[in-house]
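A closer look at the structure
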Number of protein chains: 4
Amino acid sequence: MQYLTCDYMNGAHPEILKRMTEENFQARSGYGEDEVCRRAKEKIREACGDPSADIYFLVGGTQTNSTVIAAMLESYEGVVAAETGHIAQHESGAVEYTGHKVLTLPQHYGKIDAGELAAYMENFYGDANHEHMVFPGMVYISHPTEYGTLYTKTELTAIADICRQYDMPLFLDGARLGYGLMSFDTDLTLRDITALCDVFYIGGTKVGALFGEAVVFPRHGAPKHFMTIVKQHGALLAKGWLLGLQFDTLFTDDLYFRISRHAIEEAEKVKAWVRKNGYRFWLETPTNQQFIIVDPEEKARLSEQVTFDFWEQCGEETVVRLATAWYTEFSDM
Amino acid sequence: MQYLTCDYMNGAHPEILKRMTEENFQARSGYGEDEVCRRAKEKIREACGDPSADIYFLVGGTQTNSTVIAAMLESYEGVVAAETGHIAQHESGAVEYTGHKVLTLPQHYGKIDAGELAAYMENFYGDANHEHMVFPGMVYISHPTEYGTLYTKTELTAIADICRQYDMPLFLDGARLGYGLMSFDTDLTLRDITALCDVFYIGGTKVGALFGEAVVFPRHGAPKHFMTIVKQHGALLAKGWLLGLQFDTLFTDDLYFRISRHAIEEAEKVKAWVRKNGYRFWLETPTNQQFIIVDPEEKARLSEQVTFDFWEQCGEETVVRLATAWYTEFSDM
Amino acid sequence: MQYLTCDYMNGAHPEILKRMTEENFQARSGYGEDEVCRRAKEKIREACGDPSADIYFLVGGTQTNSTVIAAMLESYEGVVAAETGHIAQHESGAVEYTGHKVLTLPQHYGKIDAGELAAYMENFYGDANHEHMVFPGMVYISHPTEYGTLYTKTELTAIADICRQYDMPLFLDGARLGYGLMSFDTDLTLRDITALCDVFYIGGTKVGALFGEAVVFPRHGAPKHFMTIVKQHGALLAKGWLLGLQFDTLFTDDLYFRISRHAIEEAEKVKAWVRKNGYRFWLETPTNQQFIIVDPEEKARLSEQVTFDFWEQCGEETVVRLATAWYTEFSDM
Amino acid sequence: MQYLTCDYMNGAHPEILKRMTEENFQARSGYGEDEVCRRAKEKIREACGDPSADIYFLVGGTQTNSTVIAAMLESYEGVVAAETGHIAQHESGAVEYTGHKVLTLPQHYGKIDAGELAAYMENFYGDANHEHMVFPGMVYISHPTEYGTLYTKTELTAIADICRQYDMPLFLDGARLGYGLMSFDTDLTLRDITALCDVFYIGGTKVGALFGEAVVFPRHGAPKHFMTIVKQHGALLAKGWLLGLQFDTLFTDDLYFRISRHAIEEAEKVKAWVRKNGYRFWLETPTNQQFIIVDPEEKARLSEQVTFDFWEQCGEETVVRLATAWYTEFSDM
């Protein structure tokens, strides 16, 4: 049986557990004020090509999304996202819990469209009653999206331009960032993302770490007293060095990128296997998630070959997701 | 010039100002703990046909919506509303500010459809990941809607049935309730609404009062310590008797209903005038709001005859709203 | 029977009701965008001696406190107040409901002490762990205080100096401001308050209006999009001109000051009567509130002469409050 | 150099890292819906003597405190705590961020007094204006307290009795629970705590785990949909089995208790060493934290022997904390 339900079914890259074990009894300060965190941040700054980037380590994705969004919005502002954005659908209203509305745009296989964003902004400020409405104060995108799709450099630049025009931060949820950067079919680099976004995170939970997301605010862009805000959200890990150690390991010798590429290569195998076995793609993507549509008979057959995630029901047929990860070793069955 | 921009352009019914003046120097307790509030509540209970109704007076509509919704939802729940519902669009995110998401359904001239609500609920509980989503915990409708349309008794009963099936309170925003109840084209009575809803309010601001909304929780249904919740929301008026006095006046000798009917009669005159003057209806309604669509030339002509509210732009043409109210005296110009 | 329970037992100054009645059928725009509001603001700016002051009208005190505080604090900040401050004790946690802590200082008959504030700030920034604590982000005082006491110009200047040193706004709750300004025993003028505070309000509810508080942000100091914030808090009155009309009346021919002085003169009569009748002062103040302490027998006697408010119990004895207001006509009984 | 700054300076008990490494590549479901979590919960239920206890695993202490408190309070309620309680002082206002006030009682070396709690409750309900105040809705205590002190069974029973009388849940913060249970000077067992409290947690972060707190709701007492609430607070770990695995290890063969006892034994050595070296106790406790007071010369000397945490300044002298933990190996220097 191949486990393709999601990309966080195993623990961490063995190198991480090895170092955790080796450095277990080294006395360290709490809350990320330690040498290993400093070193990890330095390596990430280098990978991003921005020596002035502010970096913070948080534990998980929903936590990171709601903490960053609440920290960067004014009270009268909401965050613009695709209607299928993770914050709009699958985070139990964590953003609203902080007092902010998620303002939704149509999604195109998980992506928003710069033209539609521009139209939204024009309509908003063109509405005579907009002072009675929620101000769009930030744009949230995910890359790869929840559908495994990717923005091109042209698309991301167009979105960033609109954000700058309206003085709105652009926030990129990179829970699966490695799988986007190492896709065979992308022209967006980590340096591009650093240049175009006002804040983004490099996902660890789904890419080799036990847990952890590295939040990057390029160009000294962190909100004032962000550490206190993180604490207030219950998101400050006591043994912060556990996060630093993981990212230090992942950003040594390109480990993060190498294991991400592995997952992409495994995804290619999965795609070939899907075709060979006569399954139909609902959405074939350039990253680690593939979506196929199965009728009841196919679904039963598939269930004996791999584990998968239910995506949505279309009448009699079901869309399911097959995800590879850094740990996947797919073999034709 | 006829003033038809909205239904809150004048002060209060003269009888209210007369009584305010007469009783101005009567010493009264604060916060609604007074004789005139008690009397007003008694009269409203009688009009609703529910001697066990809990009644509270608040100052305005947005305030009432966010206070009632926050009081009745669990922290993990959101409120279901039409995408055009006032709480979804024009209250500056007041509901989200209390930590709750507004979950939107398609709108049909401002109304939600019982079938679509049922499907929404089935999909939600059918989704294997629904514990990672916002639970629908309450249904919000407005009657008349923001488009001046009305639910029929059959429609409201169908919605109420689904609410009961899922144990969700049904909340009816009655900011313009009088204009709905006194429409020539409705089969819904105040008693029906009392029987079918778990909470609703009888709007005063737009129907004869200086300000004030009477919130009715039928069948002793008020949330525990609702007065403290009202205070916490900054919604407790020090001189609460001002609210009691206004509703006592409005519910004496059917004043509320008589002046509502007057606005409906004036709306009929407006509709006749619209036709006679060759304007085109975008939406003709059975209540006090009418929507017409005008090209630039028509718009210029209309501007010299009446004041109106901008509704939306459709290419070159504009949808505008003409609203009558208890104080309107429309005369053919 | 003399009614001395509180200072909001009657309606409004008759001149206000007269104008409301006269102007009842004048068509006006909603939400404070009208001529009478503009005029009222101009008059208040003149009284404050600050032509650049931003002014907003809200309905009540708790609402104003929580809206202003939430608008001016960063998310990681709290508001410093006397432990007896209204926001700390009697507003049902309205400030906390917006997500902010009330940080308390000792009270001295309702006042905070500049030296203790300075020590608090030094301790906070001297604490190595202060990033795990709530940052003091604003200072709240009331003037007159909840105990009827007044800050001197020297005291207020000392507090303002510390606020400026730490770049914290100073907020003065003036729910009873008129009674402070017109005390026989004060050296603080409205212009001083405008010069020393970053935001304050001129109370209408307790000083001649039916309801309403005029919030003044000197020197163009209003938070960005404050009107939207007010709306979000459910604090934006649809018929905003009702607030403008009341303040326009109160700030015409010094009415606000004249009726405030009247309450002070009545308080002097009450104080004389207290002495003459052999009651003991618990706290004699220069404003409209007096506190006396009575044993059970005295309490019974007092109850037949005046109405009063329970303040606190001291063993067998009770502290009660006697409040005059703009409408009080105290006669020796 | 001995590291005594705090009790979370090292990683985890080696047995935990060993199992993490061994089970790293076992495919598991997310969010705590896995076999190892189920097993860990079973073992904790057994240790607590309550087969009906609901158990959830969260990541850290502040997160657990604010999530549990927000989940169990009504919107109009606050949580009662000692003025030195962690939630009152050192969590950056995380509780207030959820909209609730922390109501403080005097502290007695970190503990609250049942008599003072009873008096607080009586005063609250005896106050005629209590509906304008924050209702006390829950009691928070820490055991051991922030001062390393312990409640006796009699004291905890007295507090629990008052909580039951007023129908308020009693919440015990057990971030250091092991060090309390294994003190040589306590009569409170885990079963007592389970019987007396409505919710408590068994701290892992400070007692042998990399991170993690096991929240126990005795007698099926978990709030409805608590998992969704945890998600909404950003506190749901994707790889929940990491928490289960740690607690499964700690609750196998009494590991949690054995390593806690070790820290207590080390604390005895520290206490002896303090005495032998002529330092003065500011507070000697029966758990893993000791407080000594040093003058500048002593402080300099101490700094060369051990690391410690600054506690508070007393004029020229400084109170510092020396903490042992499960990993401490103190040797007389």
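Residues numbered from 1 in each chain as written. Chains lettered and ligands numbered in written order. Predicted model: local features only at pLDDT ≥ 70, side-chain atom pairs only at ≥ 80, totals over all residues. Heavy atoms only, no water.

1. As for the interface of chain B and chain C
- Contact residues are listed per partner, giving 44 residues for chain B and 44 residues for chain C.
- Ranking the residues of chain B by area buried against chain C places Tyr97, Gln232 and Lys239 of chain B at the top, with a combined share of 18%.
- The interface formed by chain B and chain C holds zero salt bridges in total.
- The interface formed by chain B and chain C contains 24 residue pairs in polar contact (both at pLDDT 80 or more).
- When residues of the side of chain B that touches chain C are traced back to their parent elements, those giving at least two are α1 (14-22), α3 (61-72), α5 (94-97), α10 (226-232) and α11 (241-250) of chain B.
- Top contributing element to the side of chain B that touches chain C by residue count: α1 of chain B, with four residues.
- Residues of the side of chain B that touches chain C, tallied by class, amount to 23 nonpolar, 17 polar and four charged. (Contact = heavy atoms within 4.5 Å. Buried area = accessible area lost by both parts, 1.4 Å probe. Salt bridge = Lys/Arg side-chain N within 4 Å of Asp/Glu carboxyl O. Polar contact = N/O pair within 3.5 Å; in protein donor to acceptor, adjacent residues only side chain to side chain. Helix = DSSP H or I, 4+ residues; strand = E, 2+ residues; numbered from the N terminus. Nonpolar A, V, L, I, M, F, W, Y, C, P; charged D, E, K, R; others polar.)

2. Regarding the packing of aromatic side chains
- In the structure shown here, the tally under the stated rule is 100 aromatic pairs over all chains.
- Both rings, one in Tyr56 of chain C and one in Phe217 of chain C, keep their centres 6.2 Å apart while their planes meet at 80 degrees; by these two values the pair is edge-to-face. Of this pair, Tyr56 of chain C sits in strand β2 (residues 54-58) while Phe217 of chain C sits in strand β8 (residues 213-217), and the two are 161 residues apart along the sequence.
- A relative accessible area of 0% means that Phe217 of chain C is categorised as buried.
- Taking the centre distance of 4.9 Å and the plane angle of 90 degrees together, the rings of Phe124 of chain C and Tyr125 of chain C count as edge-to-face.
- A relative accessible area of 37% places Tyr125 of chain C in the partly exposed class.
- Positioned above the aromatic ring of Tyr56 of chain D is the side chain of Lys41 of chain D, whose terminal nitrogen or guanidinium carbon lies 5.6 Å from the ring centre.
- Between Lys111 of chain D and the ring centre of Tyr151 of chain D, over which it is positioned, the NZ or CZ distance is 5.5 Å. (Phe/Tyr/Trp six-rings, centres within 6.5 Å; stacked < 30°, edge-to-face > 60°. Buried < 20%, exposed > 50% of the residue type's maximum accessible area, 1.4 Å probe, protein only. Lys NZ or Arg CZ within 6 Å of the ring centre and 35° of its normal.)

3. What to know about the interface of chain A and chain D
- Every contact between the two is made by 44 residues of chain A and, on the other side, 44 residues of chain D.
- Between chain A and chain D the total buried area reaches about 3800 Å² when both faces are included, carbon and sulfur atoms providing 60% of it.
- The largest per-residue losses of area from chain A upon contact with chain D belong to Tyr97, Gln232 and Lys239 of chain A, which jointly make up 18% of the total buried on that side.
- Linking chain A with chain D are zero salt bridges, by the criterion used here.
- The tally of links between chain A and chain D comes to 23 residue pairs in polar contact (both at pLDDT 80 or more).
- Of all the secondary-structure elements, those providing two or more residues to the side of chain A that touches chain D are α1 (14-22), α3 (61-72), α5 (94-97), α10 (226-232) and α11 (241-250) of chain A.
- Here the element with the most residues in the side of chain A that touches chain D is α1 of chain A; it accounts for four residues.
- Here the residues of the side of chain A that touches chain D are counted per class, giving 23 nonpolar, 17 polar and four charged.

4. Concerning the packing of α1 of chain A against helix α1 (residues 14-22) of chain D
- For the pair α1 of chain A and α1 of chain D, interaxial distance at closest approach is 10 Å and the crossing angle is 170 degrees. The angle between α1 of chain A and α1 of chain D places the two elements in the roughly antiparallel class. Mapping the contact onto sequence places Leu17, Met20 and Thr21 of chain A in α1 of chain A and Leu17, Met20 and Thr21 of chain D in α1 of chain D.
- Broken down by class, the residue content of the contact of α1 of chain A with α1 of chain D amounts to four nonpolar, two polar and no charged. (Axes fitted to C-alpha atoms, helices over the stretch in contact; angles between N-to-C directions. Parallel < 35°, antiparallel > 145°, perpendicular 65-115°, else oblique.)

5. A few points about the packing of α1 of chain D against helix α11 (residues 241-250) of chain D
Residue and element names in this part refer to chain D.
- Two elements in contact, α1 and α11, have axes whose closest approach is 9 Å; the angle formed by their N-to-C orientations is 135 degrees. The orientation of α1 with respect to α11, classified from their angle, is oblique. As α1 packs across α11, the resulting crossing turns out to be right-handed. Where α1 abuts α11, its residues Glu15, Ile16, Arg19 and Met20 lie against Leu242, Leu245, Gln246, Asp248, Thr249 and Leu250.
- The residue inventory of the contact of α1 with α11, partitioned by class, reads five nonpolar, two polar and three charged. (Left-handed = near helix turned anticlockwise from the far one by under 90°.)

6. Focus on the relation of the copies chain A and chain D
- Least-squares fitting of chain A to chain D yields an RMSD of 0.0 Å, with the transformation described by 0.0 Å of translation along the axis and a rotation of 180 degrees. The superposition operator between the copies reduces to a two-fold rotation axis.
- A high fraction, 100%, of the interface residues of chain A reappear at the interface in chain D, so the copies pair face to face through one surface. (Least-squares fit on C-alpha atoms with pLDDT ≥ 70 in both.)

7. As for the pairing of strand β6 (residues 170-173) of chain D
All names here are of chain D.
- The side-chain alternation of β6 yields two buried faces, one formed by Leu170 and Leu172 and the other by Phe171 and Asp173.
- Handedness of the crossover joining strand β5 (residues 135-142) and β6 through helix α7 (residues 153-165) is recorded here as right-handed.
- Bridge count between β6 and strand β7 (residues 199-203): two bridges; the pairing is parallel. Looking at β7, one finds that Phe171 is bridged to Val199. (Right-handed = clockwise from strand over helix to strand, strands pointing away. Pairing = 2+ DSSP bridges.)

8. A word on empty space enclosed by the protein
Residue and element names in this part refer to chain C.
- Here the structure, examined in full by the defined rule, presents seven cavities of 30 Å³ or more.
- Its volume calculated, the largest cavity comes out at about 380 Å³.
- Considering the residues around the largest cavity, the lining is formed by 29 residues, among which Gly60, Gly61, Thr62, His86 and Lys206 are closest to the centre.
- Looking at the lining of the largest cavity, the elements that each hand over two or more residues are α3 (61-72) and β5 (135-142).
- Counting residues per element, the lining of the largest cavity draws most heavily on α3, at four residues.
- Among the residues making up the lining of the largest cavity, the classes are represented as 11 nonpolar, 11 polar and seven charged. (1 Å grid on protein atoms, 1.4 Å probe; cavity = no way out; pocket = protein on both sides within 12 Å on 5 of 7 lines; lining within 4 Å. Points joined across faces, edges and corners; volume = space filled by probe spheres on them.)

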